[in-house]
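Overview (structure and organization)
Now for the letters of each chain:
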Amino acid sequence: MKKVALFAITILLFGTISPSLANHAYGQNDPSILLRIAVQADQQIVNQLNFKYGNQIPNNIEILYQKGHLSVQSLNESLSNDDIEKAKQDFLLAMNSFMQISRTISQSSEKITMTAIESDESDKKISNELDRLEKSVKMLEIISKKHNEIIQNQDKFDKVYSLIKEMRNQIVTGENLINNIIELRVLIDSIKNDIRESVAEKQSNNLKRFFEKLIDKIDQKVMEAKVLGRDEIEITKANDLIFEIRELLSQNEITKAKTVYSELKIVLQNIGISVKIT
Amino acid sequence: MTSLIEPIQSKNPLGDDGILFVRNGSMFDTMVKTPLLVASMIIVAALLPIQSSFSSPRDLNLIIYPDGTTHVSMEIDIDPSLTDYELNLFGKTIDNFVVIGDEEFLLDVNIIDDSALIQTFGSSVISVEYDIYDLVSKQGKLWTFSLDSPTDFTLLLPINSAIVGMSNLPINMKLVDEQNQISLSSGKTEIDYFFSTSIVNNPVSEIKPEIDYFPYLIIIITILFISFGIIIFVRNKQKNLNPKESIQKSQKILILDIETIFTLKPNLREDDKEFVKFIFNNGGEALESELRKKFLQPRTTMWRAVKRLEREGIIEIEKKDLQNLVKLRKNMEQEQ
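On a predicted model such as this, the values are computed, not experimentally measured, just so you know. (Residues numbered from 1 in each chain as written. Chains lettered and ligands numbered in written order. Predicted model: local features only at pLDDT ≥ 70, side-chain atom pairs only at ≥ 80, totals over all residues. Heavy atoms only, no water.)

The next point concerns the overall build of chain A. Of the regular secondary structure elements, chain A holds 10 helices and 1 strand. Ordering the α and β elements of chain A from the N terminus gives α-α-α-α-β-α-α-α-α-α-α. Going through the 278 residues of chain A one by one, you find that 41% of them count as buried. Within chain A, counting contacts between residues at least 6 apart in sequence, those at least 24 apart form 68% of the total. When the accessible area of chain A is evaluated, it comes to approximately 15,800 Å², of which 52% is carbon and sulfur surface. (Helix = DSSP H or I, 4+ residues; strand = E, 2+ residues; numbered from the N terminus. Buried < 20%, exposed > 50% of the residue type's maximum accessible area, 1.4 Å probe, protein only. Contact = heavy atoms within 4.5 Å. Areas by Shrake-Rupley, 256 points an atom, 1.4 Å probe, with all protein chains shown as cover.)

Here you go:
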């Protein structure tokens, strides 16, 4: 029995530790990727340096480049020798050197975040915005189909796709798209609301079941808190809120019940109750 | 005070002045409730993955658009007993935020700064999709993606982008619609990239992911452990078997069958044949005392019979615990 128990413990310990071991191993996939990325970065840096400085590359950048380039060569050798750890070091050294060069090259320009890009990038931005909105609409369409509500919303979906197509054409012709973007966003919000409303009953039944179970549990905890002599004023408040939530649930007023539940959570915290459905 | 050293399992009551002696071999069984320990370990082992799986994205995918906006999509395992879940967003400028819960319900969300309070109400898995403007910045022609990710993730770079700097090691890279998709590990990541027309026809070629043998190695080691354990267990069982049974097993292979013995020794007495049959059926051996009990023979008569069979070369006699062990001879046929 002792040996079996020891064996079981060994297996369990091993089983517990092994996932963390596997995580470390995950980073060791195909090391040749490192060389491909580094070589491409090297080429790109050469292009940028030629474009920016021609034959007059500043000394500090030249040194950095040589450092990066030598690291790429060393990376190649390390991979040939199957020295993965060295290859990783070489990769990081090379990419760090190239990163410093590219940042030095771009230093004279102002750093901007994406929200501030308006003028020169505006067409690209709107085109990308349309891509993202279209992606979002497609997702809503999938949800709509899942709940068999596609027929109800089909007109709106058709209109959205038509508008997106029209706007793509307008980008080419250079027209102002602001109003269309606004219209598109309103349409998407409207589809979202339609989906919410159409599945509201199904969803509210689920929520109601969840809520009722939760409130029963809370009620029980509040009673226990009363027996333990916790703050009576807070317990009375909690009971009132529980009663109110039950009333709202019986009237299918799920949204209002949610709001009251937010108040109840604060009261429960004051009493020192933590509730989970099990 | 007793001078007898006894293992604690003997459960003899100790006097007030009794000294407790514990054999080293019994320490484990005595001091630790083994079944309790094993059960606790099983619970811990079972809970660890559940605990770590809750509230952290199990799948995180990012797409960088050419304008620098990043689309985030993730799936998160949620504790279904909770009413809401607070998700830390990767920034404050968020757009097109959609959360879908179990059964494809759209869930209500309240976004405050870089945090989203999602009303999960019993959902066990949620999928979150949003666009964010905070992850990419631009300086001159250089674009920089920065993220401190809580989990491993994939990043799809814009078409025609060329990486020129990277702060950590990629796990993998592949081509998706002429775009490079990099898999990266959790933690801080910075990637610098340029847009270049020179790489349109030269994207980083797709690399088929090499099989990571480490998890397989772990599985194999585990299997070996289990096999090793089973072997030890079976061996111990075998050791603990009645010695007679194990002897029976081995001798059955070696001794002749009863008819052959009688054929080889046609002149055997009928009562001797009965003894031989009994010994044979007893696995090839029997104590002389067992024979006496079985055939209700006096000690001397049985002794003579045994000696007779020994002379005939059918049996051999061994001493075992001050008794005579009568065994059928193994190589009788060859001797004949």
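Quick look at the overall build of chain B now. Per the secondary structure count, chain B includes 9 helices and 17 strands. Buried residues in chain B amount to 40% of all 336 residues. For chain B, the share of sequence-separated contacts (at least 6 apart) that also reach a separation of at least 24 residues comes to 59%. Roughly 18,600 Å² of accessible area belongs to chain B as shown, and the carbon and sulfur atoms make up 55% of that amount.

What follows deals with the pattern of salt bridges. One pass over the full model with this rule turns up 26 salt bridges over all chains. Between Glu234(A) and Lys237(A) there is a salt bridge, and its shortest N-O distance comes to 3.4 Å. In this pair, Glu234(A) and Lys237(A) are both assigned in helix α9 (residues 232-250), 3 residues apart and thus about one turn of the helix distant. One salt bridge in this structure joins Asp271(B) and Arg269(B), with 3.1 Å as the shortest N-O distance. By relative accessible area, which is 33% here, Asp271(B) ends up partly exposed. Judged by relative accessible area, Arg269(B) falls into the partly exposed class, the value being 42%. Residues participating in the shared-partner salt-bridge network are Glu129(A), Arg132(A), Arg185(A), Asp67(B), Asp95(B) and Asp131(B). (Salt bridge = Lys/Arg side-chain N within 4 Å of Asp/Glu carboxyl O.)

Here we come to the sheet that holds strand β15 (residues 285-287) of chain B. Residue and element names in this part refer to chain B. A sheet is described by the order of its strands in space; here 3 strands give the open sequence β15-β17-β16, paired in antiparallel fashion. Single-partner strands in this sheet number two, and they are β15 and β16 (315-320). In this sheet, adjacent strand axes meet at a mean angle of 25° when their direction is disregarded. Two elements, β15 and strand β17 (residues 323-328), share 3 bridges in a ladder whose sense is antiparallel. (Pairing = 2+ DSSP bridges. Axes fitted to C-alpha atoms, helices over the stretch in contact; angles between N-to-C directions.)

All names here are of chain B. A sheet is described by the order of its strands in space; here 3 strands give the open sequence β3-β6-β5, paired in antiparallel fashion. Strands with a single pairing partner mark the edges of an open sheet, and in this sheet they are β3 (85-88) and β5 (109-112). Across the sheet, the mean angle from the axis of one strand to that of its neighbour is 20°, orientation sign disregarded. In terms of strand pairing, β5 meets strand β6 (residues 115-118) through 4 bridges, oriented antiparallel. Along β6, the bridge assignment pairs Asn-110 with Leu-117.

The next thing to look at is the packing of aromatic side chains. Residues and elements named next belong to chain B. Tallied over the full model, the rule gives 9 aromatic pairs over all chains. Here the aromatic rings of Phe-145 and Phe-153 are separated by 6.5 Å at their centres, their planes lie at 45°, and the arrangement is tilted. Assigned by exposure class, Phe-145 and Phe-153 land together as buried. In this structure, Lys-273 packs its charged tip against the face of Phe-262, placed 5.5 Å from the ring centre. (Phe/Tyr/Trp six-rings, centres within 6.5 Å; stacked < 30°, edge-to-face > 60°. Lys NZ or Arg CZ within 6 Å of the ring centre and 35° of its normal.)

Here the focus is unusual backbone geometry. The phi dihedral of Asp82(A) is positive, around 60°, even though this residue is not glycine. Relative to the helices and strands, Asp82(A) resides in the loop between α3 (59-80) and α4 (84-105). According to the relative accessible area criterion, Asp82(A) is exposed, its value standing at 62%. We note that Asp113(B) has phi near 55°; this positive angle belongs to a residue other than glycine. One can find Asp113(B) in the loop between β5 and β6.

In this structure, Ile61(A) sits in helix α3. Those residues in contact with Ile61(A), other than ones at most four positions away along the chain, are Leu49(A), Tyr53(A), Ile101(A) and Thr104(A).

All names here are of chain A. The end-to-end C-alpha distance of helix α8 (residues 200-227) is 39 Å, a good match for the 40 Å that 28 residues give at a rise of 1.5 Å each. For α8, the full list of buried residues reads Gln-203, Ser-204, Leu-207, Lys-208, Phe-210, Phe-211, Leu-214, Ile-215, Ile-218, Asp-219, Val-222 and Ala-225. Summarising the contacts, the buried residues of α8 are in contact with α9 and α10 (254-271). (Expected span 1.5 Å × (residues − 1).)

A few words now on helix α7 (residues 288-295) of chain B. Residues and elements named next belong to chain B. Listed as buried for α7 are Glu-288, Ser-289, Leu-291 and Arg-292. For α7, the buried positions fall inside an angular range of 160° around the axis, keeping them on one side. Exposed and oriented more than 90 degrees from the buried face of α7 are Lys-293 and Lys-294. Count one or two residues on from α7 and you reach Leu-296, which has phi positive near 50°. (Arc of directions from axis to C-beta.)

By size, the foremost hydrophobic cluster in this structure holds 60 residues, and its most contacted members are Leu87(B), Val128(B), Tyr130(B) and Phe145(B). When near neighbours in sequence (up to four residues on either side) are disregarded, Leu87(B) contacts Met74(B), Ile76(B), Phe97(B), Asp114(B), Ser115(B), Ala116(B), Ile118(B) and Val128(B). Core analysis: the second largest hydrophobic core is formed by 25 residues, Phe210(A), Val222(A), Val260(A) and Ile273(A) among them. (Core = buried A, V, L, I, M, F, W, Y, C linked by side-chain atoms within 4.5 Å.)

For Gly140(B), the position within the fold is in the loop between β8 (136-139) and β9 (142-149). With 54 residues separating them in the primary sequence, Gly140(B) and Phe194(B) have C-alpha atoms 9.8 Å apart.

This brings us to a negative patch on the surface. Residues and elements named next belong to chain A. Where like charges cluster on the molecular surface, the negative patch consists of Asp-240, Glu-244, Glu-247 and Glu-263. The element contributing the most residues to the negative patch is α9, with 3 residues. Take Glu-247: it is sitting in helix α9. (Patch = residues over 30% accessible without salt bridge, like charges linked within 9 Å, V, L, I, M, F, W, Y side chains within 5 Å. Lys, Arg positive; Asp, Glu negative; His and termini not counted. Charge placed at Lys NZ, Arg CZ, Asp CG, Glu CD.)

The subject of this paragraph is the packing of α7(B) against helix α8 (residues 299-311) of chain B. Residues and elements named next belong to chain B. Two elements in contact, α7 and α8, have axes whose closest approach is 10 Å; the angle formed by their N-to-C orientations is 120°. As for the relative orientation of α7 and α8, their crossing is right-handed in sense. Listed contacts from α8 to Glu-288, Leu-291 and Arg-292 of α7 are Arg-299, Met-302, Trp-303 and Val-306. Partitioning the contact of α7 with α8 into residue classes produces 4 nonpolar, no polar and 3 charged. (Left-handed = near helix turned anticlockwise from the far one by under 90°. Nonpolar A, V, L, I, M, F, W, Y, C, P; charged D, E, K, R; others polar.)

This paragraph deals with the environment of Gly187(B). Residues and elements named next belong to chain B. Mapped onto the secondary structure, Gly-187 falls in strand β14 (residues 187-195). Taking the C-alpha atoms as reference, Gly-187 lies 6.3 Å from Pro-150; in sequence the two are 37 residues apart. In contact with Gly-187, other than residues within four places in its own chain, are Leu-147, Asp-148 and Ser-149.

Below, the discussion takes up the pairing of strand β1 (residues 57-64) of chain B. All names here are of chain B. Across 7 bridges, β1 lies against strand β2 (residues 70-77) in antiparallel orientation. Bridging across to β2, Asn-61 finds its partner in Ser-73. The antiparallel pairing of β1 with β2 creates a hairpin that spans 5 residues between the two strands, and Gly-68 there sits at a positive phi of about 95°. Sheet topology places β1 next to strand β10 (residues 153-156); 3 bridges connect them, and they run parallel. Residue Leu-62 lies in a different strand from β10, and its bridge partner there is Leu-155.

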